[in-house]
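Coordinate inspection notes
What follows is the residue order along each chain.
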Amino acid sequence: MNAPASSVDTPVWSTDDERTLLDTIDTWVEKSVAPIAMEYDQEDKYPHELVEEMKELGLFGATISQQYGGLGLPAGIYAKIVIRISSVWMAPTGIFNSHLIMASAIERCGTEEQKQKYLPRMATGELRGAIGLTEPNAGTDLQAILTVARRDGDYYVVNGAKTWITNSLNGDMVLLLVKTDPDAQPRHKGMSMLIAEKGEGFVVAKKMKKSGYRAIDTCELVFQDYKVPVDCLVGGVEGQGFVQTVGGLELGRINVAARGAGIAEGALRLSVRYAQERKTFGKPICEHQAIQLKLGEMASRVEASKLLIESAARAYDSGQRCDMEAGMAKYFATETGAYCAQEGMRIFGGYSYSTEYEIERFYRDAMLMCIGEGTNEMQRIIIAKQLVARHPA
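Residues numbered from 1 in each chain as written. Predicted model: local features only at pLDDT ≥ 70, side-chain atom pairs only at ≥ 80, totals over all residues. Heavy atoms only, no water.

1. Regarding the pairing of strand 5 (residues 191-197)
The condition that has to hold: Accessible area is worked out with a 1.4 Å probe on protein chains only. A residue is then buried under 20% of its type maximum, exposed over 50%, and partly exposed in between. To qualify as a helix, a DSSP run of H or I must reach at least 4 residues; to qualify as a strand, a run of E must reach at least 2; elements of each kind are numbered from the N terminus. A pair of strands is considered paired only if DSSP assigns at least 2 bridges between the two.
With respect to burial, strand 5 is a largely interior element, six of its seven residues being buried. Judged from the seven bridges that link them, strand 4 (residues 173-179) and strand 5 form a sheet pairing that is antiparallel. Bridge pairing in strand 5 links L176 to L194.

This is the structure:
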């Protein structure tokens, strides 16, 4: 889909534009995503056809500015798209989420040459990116990474390993967090970001088998004397990698919150339908109070999650610091996803354990959202620290 033309007097995306875009996404989800979700999940098969359709829809340029060929979506509309897709099958949203976090980092922190070189091709999906942060010994504690990039003339020579990297098998490049000064104190001052395109020394070592979030490539990467041109140092200045990483997590957490809310909404939708079809003791189970209590709680949490996501997206779009709002949305919405998926399993009863029923996929996918993009335990710490900082005694 093409972005609407912007003007001085009207928002780039009007209410009608938004409605048209979301209707297009709904149609695509119904016709292309829903029919293959169960098969591709169970067979752990990569959805190449969906990727091509995502390109046509402009999803790889969803949040990239229009000046670089993207749709320039505000975070609020982007989150609504993610919720809609995730309510049917969460996994495909990971294909463009990591990609867009990389694009966001280049657009926020890169040199103009880097923006011109990469963003237009990323917006079309010609180049597809990933985020290379996590290592076997470093997840939440990113300052503990061991991957090192040493300057050698016009190149950085990279050695190290990354793990849990989505899009790294089928994608083209990785936004790679490295240490250019391993001895720096404090540690974060020695960290830098590189735009790492695949080449000699860039090894996709293993595709990881997962209980959920299947069909999407998540891999271990090994770098063995891998050379990256110096002009691929994001921003052109060493020592900025940690700050550049943290700055991109807000959009990532809004995305993961939307995925959690989508899982929750999808689980609720399946449960409401099943509760009207399944009968016990002579009546549909939706007429039993025990089931009504579950459905009422699920529905309330879904709507509360959407409001928190909307609040975080609004703060992000206004340019405010929103790590507290994004943390609240990520924490609550992903916990809601896990809660609704589990309650859905209870409503479906024994049938929930059959792979013939989609609710079991929602259950398997939900827990990852509570862990990824910063654990929910860490989100609560961030929320508390920001709360105190914003309201000093």
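2. With respect to the side chain of D365
We apply this condition: In this tally, Lys and Arg are treated as positive and Asp and Glu as negative; His is ignored, and so are the chain termini. In the sections that follow, a salt bridge refers to a side-chain nitrogen of Lys or Arg positioned within 4 Å of a carboxyl oxygen of Asp or Glu. Polar contacts, as counted here, are pairs of nitrogen or oxygen atoms within 3.5 Å of one another; within protein the pair requires one atom able to donate a hydrogen and one able to accept it, and residues that are adjacent in sequence qualify only if both atoms are side-chain atoms.
Looking at the element boundaries, D365 is found in helix 9 (residues 359-371). No salt bridge forms around the buried D365; measuring N to O, its nearest opposite-charge neighbour R361 is 4.5 Å away. For D365, the side chain forms a polar contact with the main-chain nitrogen of Y213, separated by 2.6 Å.

3. A short note on helix 9
Going by this rule: Residues are treated as being in contact if the distance between any of their heavy atoms lies within 4.5 Å.
Restricting attention to buried positions, one finds in helix 9 the residues I359, E360, R361, F362, R364, D365, A366, M369 and C370. The secondary structure elements touched by the buried residues of helix 9 are helix 1 (15-43), helix 3 (75-86), helix 6 (241-277), helix 8 (323-348) and helix 10 (376-390).

4. Side note on the confidence of the model for the chain
The cut-off we apply is this: Summary of the metric used: pLDDT quantifies the predictor's per-residue confidence within the range 0 to 100.
Overall, the predicted model of the chain reaches an average pLDDT of 95, with 97% of residues at or above 70. Contacts of residues 5-11 to residues separated by more than four positions or lying in other chains number two contacts, the stretch itself having pLDDT below 50.

5. What about the pattern of salt bridges?
The final tally for this structure, using the stated rule, is 23 salt bridges. E135 is the salt-bridge partner of K162, the closest N and O atoms lying 2.9 Å from each other. Of this pair, K162 sits in strand 3 (residues 155-166) while E135 sits in the loop between strand 1 (129-132) and strand 2 (148-152), and the two are 27 residues apart along the sequence. Each member of the pair, K162 together with E135, is buried.

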